[in-house]
Amino acid sequence: SLHAWDCWNEIRLIAQADAYVCACTHTLRAYRDWLRGRYGDLDGLNAAWGRRHRSWDEVPAGLEPGRSWIETLAYQRFLSWRTAEHLTFLVEGLRAGDGEHPILAHQVELTPFHTLPESPYAQAGVRGDDFELSRRVDAFGISMFPAWFNTGGAETGARLECGRSAAGARPFWVCELQGSAA
């Protein structure tokens, strides 16, 4: 009776929240470790960012709207990487228990459309890179709520095409489709 696993419904690390769900000490430590892996040491980070941090504890995450673009983009890249790693964790867990059925995941807002003015913490990168995420699953999909999102035909088509494009050669699914006008 099972056709496929949808291992992550509407991929996101923030859900119905006013800010990033997790910017705890563990996440900030992981972020700074990720930066250390990219820049080698604090001197490398300072040179790349044009900063003079004296310790890793001084390196801020780009959490709030209005932070400098360096911190904001770096933190979004980290969240995108972490999202892809979490998706891989989910896929590997399902494959360990069921190597037969395909595994998919789906977005509600594809990256080009995820910059809603009513949600300033929802910058485009916080849901991950659609193309990278789709490479980690057997099929990729989206949710479509045209009436709720107030999308006309052109935007609805663009959303479908962005999702299909991210899926590449993998099957592309509309995993949730609004069935009424309101």
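Higher on the page you've got the structure.
A brief report on the enclosed structure follows. If you're wondering where the values come from, they're calculated on a predicted model, not measured in any experiment.

Cut-offs applied
Residues numbered from 1 in each chain as written. Predicted model: local features only at pLDDT ≥ 70, side-chain atom pairs only at ≥ 80, totals over all residues. Heavy atoms only, no water. Salt bridge = Lys/Arg side-chain N within 4 Å of Asp/Glu carboxyl O. Helix = DSSP H or I, 4+ residues; strand = E, 2+ residues; numbered from the N terminus. Buried < 20%, exposed > 50% of the residue type's maximum accessible area, 1.4 Å probe, protein only. Pairing = 2+ DSSP bridges. Contact = heavy atoms within 4.5 Å. Axes fitted to C-alpha atoms, helices over the stretch in contact; angles between N-to-C directions. Expected span 1.5 Å × (residues − 1). Arc of directions from axis to C-beta.

**Details of the pattern of salt bridges**
Now for step 1: Applying the stated rule across the entire model yields nine salt bridges.
Now for step 2: With a closest N to O distance of 2.9 Å, arginine 95 and aspartate 138 form a salt bridge. Of this pair, arginine 95 sits in helix α3 (residues 69–97) while aspartate 138 sits in the loop between α4 (130–135) and β3 (139–144), placing them 43 residues apart in sequence.
Now for step 3: Using a relative accessible area of 28% as the deciding quantity, one classes aspartate 138 as partly exposed.
Now for step 4: Measuring nitrogen to oxygen at the nearest pair gives 2.5 Å for the salt bridge that ties glutamate 161 to arginine 164.

**Things to note about the sheet that holds strand β4 (residues 172–177)**
Now for step 1: Across the sheet, which stays open at both edges, the four strands sit in the order β1-β2-β3-β4 with parallel pairing between neighbours. The open sheet has two free edges, formed respectively by β1 (5–6) and β4, since each of these has just one partner strand.
Now for step 2: Looking at chain direction, β3 and β4 are connected through five bridges and run parallel. Bridge assignment links glycine 141 to a residue of β4, and that residue is tryptophan 173.
Now for step 3: The strands that helix α6 (residues 153–167) touches are β3 and β4; relative to β3, the one it contacts most, it runs at about 165°.

**Some words on the side chain of glutamate 71**
Now for step 1: Within the secondary structure, glutamate 71 is located in helix α3.
Now for step 2: For glutamate 71, the residues in contact, after removing those within four places along its chain, are Tyr31, Trp49, Arg51, Pro60 and Gly62.

**Overview of unusual backbone geometry**
Now for step 1: Of note in this structure, glutamate 10 is not a glycine but carries a positive phi near 55°.
Now for step 2: Topologically, glutamate 10 is positioned in the loop between β1 and α1 (25–39).

**Overview of α6**
Now for step 1: The end-to-end C-alpha distance of α6 is 21 Å, a good match for the 21 Å that 15 residues give at a rise of 1.5 Å each.
Now for step 2: Among all positions of α6, only Thr156, Arg159, Gly163, Ala166 and Ala167 are buried. Viewed end-on, α6 has its buried residues packed into an arc of 110°, placing them on one side of the element. Set apart from the buried face of α6 by more than 90 degrees, the exposed residues are Gly153 and Ala154.
Now for step 3: If you follow the buried residues of α6, they end up packed against α4, β3, α5 (146–149) and β4.

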